[in-house]
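Chains, contacts and geometry: an overview
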Amino acid sequence: MSKLTPEQHEQYKEKGFIAPLDALNKEEAEEVKNEIEFIEKKWPNELNGLGRNYVHLISPIFDKVVHNSKVLDAVESIIGKNILACGTTLFIKNPDEKGFVSFHQDAKYIGLEPHNWVTAWIAVTDVNEKNGCMRMWSGTHKNDLKNHIEKFDNNEGNLLTRGQTVENVPLEETEPVILKSGQMSLHHPKIVHGSGVNKSKERRIGFVIQSYIGSNVEQVLGKMYVQQARGEDSFNYHDHVERPKVTMGQNDNNVRKIANEELSKIFYKDLKKKGKF
């Protein structure tokens, strides 16, 4: 069992995140990296734009990460035993590119209520300050959601859908989340966080389960597709989907396409303008 210790649980409660936690071994992390590169080579652009989402629905290797027992033990410590996986995203920063993630709060725009959910950010490669690791503004999860400005600045490198931004974040009060390959962080829906540009010569890859939700959590802005990761779902708020058996199977890819279309409706609800993701 890899449940959080009382000290780790207290850190999550006070800071709004916990890191580093062991998730994958070196071979498992390398397997994920190889699968990403395999798909990129055989199906160019498949993981670009909106295609970076719901990747666990098209690959048994990605799916295996979502259902990893070490990850789920830690998640269970936070949201309870009835766990649904409702999304994955690849956050890839190539060397010397301008990609960044503006400071934001996940709960501001994703439509999952109540906030009995947690995001697992798994490092496929080493993640540090030089290559653009996340930075957390500790304790901000305890307050009301902050005002976000929607900048739609994807062309300037912002990897968020709307370029949603909490302005005037005191960088000196944020903490870098430095992870070795295979380690992960868990963060609260309301914590303010973001990440900078990759200034290294190596690719930085994050595999993000966004998010694990308790079965009592509803999607109030639209529709999401889930897998039962642990326990049971007595609420039945969401459509359940099968786990993939092959990479890029036709039926799985069709389901992912529908899921991403619905996800896009959530991300851009009530807006006339759309970003690239």
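An account of the accompanying structure is given in this report. Computed from a prediction, not measured in an experiment: that's the story for all the values here. (Residues numbered from 1 in each chain as written. Predicted model: local features only at pLDDT ≥ 70, side-chain atom pairs only at ≥ 80, totals over all residues. Heavy atoms only, no water.)

1. Notes on the overall build of the protein
- Scanning the protein from terminus to terminus reveals 5 helices and 16 strands.
- On C-alpha atoms alone, the protein measures out to a radius of gyration of 17 Å, which is about the 19 Å that the 2.2 N^0.38 rule sets for 277 residues.
- With the C-alpha coordinates aligned to their principal axes, the bounding extent of the protein is approximately 45 × 45 × 40 Å.
- The 277 residues of the protein split such that 55% are buried. (Helix = DSSP H or I, 4+ residues; strand = E, 2+ residues; numbered from the N terminus. Rg over C-alpha atoms; globule rule 2.2 N^0.38 Å. Buried < 20%, exposed > 50% of the residue type's maximum accessible area, 1.4 Å probe, protein only.)

2. Thoughts on empty space enclosed by the protein
- Applying the stated criterion to the full structure yields 2 cavities of 30 Å³ or more.
- In this structure, the largest cavity encloses a volume near 220 Å³.
- Residue assignment for the lining of the largest cavity shows that the elements contributing at least two residues are strand S3 (88-93), strand S4 (101-104), strand S6 (117-123), strand S12 (192-195) and strand S13 (204-214).
- In terms of residue class, the lining of the largest cavity is made up of 9 nonpolar, 11 polar and 3 charged.
- Estimates place the volume of the second largest cavity at around 70 Å³.
- Asn 53, Tyr 54, Cys 86, Gly 87, Thr 88, Thr 89, Ile 110, Gln 210, Met 224, Leu 263 and Phe 267 together form the lining of the second largest cavity.
- Of all elements in the fold, only S3 and helix H5 (250-267) reach the threshold of two or more residues within the lining of the second largest cavity.
- Here the lining of the second largest cavity is built from residues that sort into 6 nonpolar, 5 polar and no charged. (1 Å grid on protein atoms, 1.4 Å probe; cavity = no way out; pocket = protein on both sides within 12 Å on 5 of 7 lines; lining within 4 Å. Points joined across faces, edges and corners; volume = space filled by probe spheres on them. Nonpolar A, V, L, I, M, F, W, Y, C, P; charged D, E, K, R; others polar.)

3. Re the layout of surface pockets
- In this structure, the largest pocket occupies an estimated 440 Å³ of space.
- Ile 92, Glu 97, Leu 159, Lys 276 and Phe 277 are, among the 21 residues lining the largest pocket, the residues nearest its centre.
- For the lining of the largest pocket, a count of residues per class yields 6 nonpolar, 8 polar and 7 charged.
- Considered as a void within the structure, the second largest pocket measures approximately 160 Å³ in volume.
- Glu 129, Lys 130, Gly 132, Cys 133, Arg 135, Leu 171, Ser 195, Gly 196, Val 197 and Lys 199 together form the lining of the second largest pocket.
- Of the residues belonging to the lining of the second largest pocket, the class tally is 3 nonpolar, 3 polar and 4 charged.

4. A closer look at unusual backbone geometry
- A cis amide bond links Ala 19 to the next residue, Pro 20, at an omega of -5 degrees.
- Looking at where Pro 20 falls in the secondary structure, it is placed in strand S1 (residues 17-22).
- Omega for the peptide link from Gln 210 to Ser 211 comes to 10 degrees, which places this bond in the cis form.
- Positionally, Ser 211 belongs in strand S13.
- For Asp 270, which is not a glycine, the phi torsion comes out positive at approximately 65 degrees.
- For Asp 270, the location among the structural elements is in the segment after H5.

5. Some points on the side chain of Ser 200
- With respect to the helices, strands and loops of the structure, Ser 200 is situated in the loop between S12 and S13.
- A relative accessible area of 9% means that Ser 200 is categorised as buried.
- A polar contact of 2.7 Å, which involves the side chain of Ser 200, links it to the side chain of Asn 198.
- At 3.1 Å, the side chain of Ser 200 forms a polar contact with the backbone oxygen of Glu 202.
- Those residues in contact with Ser 200 that lie beyond four places of it in its chain are Pro 95, Asp 96, Lys 130 and Asn 131. (Polar contact = N/O pair within 3.5 Å; in protein donor to acceptor, adjacent residues only side chain to side chain. Contact = heavy atoms within 4.5 Å.)

6. A short note on the sheet that holds S4
- Across the sheet, which stays open at both edges, the 4 strands sit in the order S4-S12-S7-S10 with antiparallel pairing between neighbours. Each having just a single partner strand, S4 and strand S10 (174-176) make up the two edges of the open sheet. Across the sheet, the mean angle from the axis of one strand to that of its neighbour is 20 degrees, orientation sign disregarded.
- As judged from the 3 bridges shared by strand S7 (residues 134-137) and S10, these two strands associate in the antiparallel manner. Pairing of Arg 135 across the sheet is with Pro 176, part of S10. (Pairing = 2+ DSSP bridges. Axes fitted to C-alpha atoms, helices over the stretch in contact; angles between N-to-C directions.)

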